[in-house]
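Report on the structure
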Amino acid sequence: MILITTSRRPTRMIRTLCKELANVIPSLKRVNRGKMSLYDLGEKAIDMGADKVLIIDRWKGCPGRIRFYEVKEGISQIPPQLYIRGVKLRRDFKTKRISSRSLFIENPEENSEIQRLCETFSRFFELPIIESKKMDDHGSFMIMRLSLKPDNMIQVSFYLMPKNLEVGPRIKISHAVWEI
């Protein structure tokens, strides 16, 4: 299990993003951080049986950064640290709440940074990476698709398959910091 939490003073948009991510990624459990320090957050994760924590920080009132933590004897940050440029929520796609028990990461056929990020997401969220050519058209499942946009931003999107319907949220990442 992975805990997802917000910065200390979240806005409505950040809380909604956390709810939507917890809805589409099966291993996420949402927790309000409140005034918890990182140490307290690590203890809360251990109490709930989680071994990882994802924190979404705010920047000028909007989601600004995603940090990944591992909980063992303490809580320690693991790379990468993702800086968010923009978010499009499910309500912007005008789709109803869709939850799927199965989520896969689509194997990108693009540059090495996206491939590296896909492998990191696969390890952190414990999700398999599948080839787009091998997607089964039988049954309903979701995929997380990472792509490079013309403005050199990485976009993380969630699609309901086999309809190939984007259901949100969509996160634009301006850059990833791999050395922390």
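Report follows, based on the coordinates.

Concerning the pattern of salt bridges
- Taken as a whole and assessed by the stated rule, the structure comprises six salt bridges.
- By sharing partners, the salt bridges in this structure join D57, R65 and R67 into a single network.

Quick look at the pairing of strand β6 (residues 103–106)
- Judged from the three bridges that link them, β6 and strand β8 (residues 141–148) form a sheet pairing that is parallel. Its bridge partner lying in β8, L103 is registered against M142.
- Looking at chain direction, β6 and strand β7 (residues 129–130) are connected through two bridges and run parallel. The partner of E106 across the bridge, within β7, is I130.

Topic: the nonpolar core
- Counting residues in each nonpolar core, the largest one holds 38 residues, and the members touching the most others are F121, F125, M144 and F158.
- Ranked by residue count, the leading element in this core is helix α4 (residues 112–125), at six residues.
- Grouped together as the second largest cluster of nonpolar side chains are 10 residues, L3, V31, A45 and Y69 included.

What about the state of the cysteines?
- Within the structure shown, the criterion is met by zero disulfides.
- C18 takes part in no disulfide bond, and the closest cysteine sulfur, belonging to C62, lies 14 Å away.

Topic: the pairing of β8
- In terms of burial, β8 is a largely internal element, seven of the eight residues being buried.
- Looking at chain direction, β8 and strand β9 (residues 154–161) are connected through eight bridges and run antiparallel. Bridged to I143 within β9 is Y159.

Concerning the environment of C118
- You can see C118 is positioned in helix α4.
- For the pair C118 and S102, spaced 16 residues apart in the sequence, the C-alpha separation amounts to 17 Å.
- Setting aside residues no more than four positions away along its own chain, C118 makes contact with I105, E106, P108, I129 and L146.

Some points on a positive patch on the surface
- Where like charges cluster on the molecular surface, the positive patch consists of R12, R15, K19, K29, R30 and R91.
- Of all the secondary structure elements, the ones that give two or more residues to the positive patch are α1 (12–24) and β2 (28–30).
- In terms of residue count, α1 provides more of the positive patch than any other element does, three residues in total.

Reading the values: the criteria
Residues numbered from 1 in each chain as written. Predicted model: local features only at pLDDT ≥ 70, side-chain atom pairs only at ≥ 80, totals over all residues. Heavy atoms only, no water. Salt bridge = Lys/Arg side-chain N within 4 Å of Asp/Glu carboxyl O. Pairing = 2+ DSSP bridges. Helix = DSSP H or I, 4+ residues; strand = E, 2+ residues; numbered from the N terminus. Core = buried A, V, L, I, M, F, W, Y, C linked by side-chain atoms within 4.5 Å. Buried < 20%, exposed > 50% of the residue type's maximum accessible area, 1.4 Å probe, protein only. Disulfide = S-S within 2.5 Å. Contact = heavy atoms within 4.5 Å. Patch = residues over 30% accessible without salt bridge, like charges linked within 9 Å, V, L, I, M, F, W, Y side chains within 5 Å. Areas by Shrake-Rupley, 256 points an atom, 1.4 Å probe, with all protein chains shown as cover. Lys, Arg positive; Asp, Glu negative; His and termini not counted. Charge placed at Lys NZ, Arg CZ, Asp CG, Glu CD.

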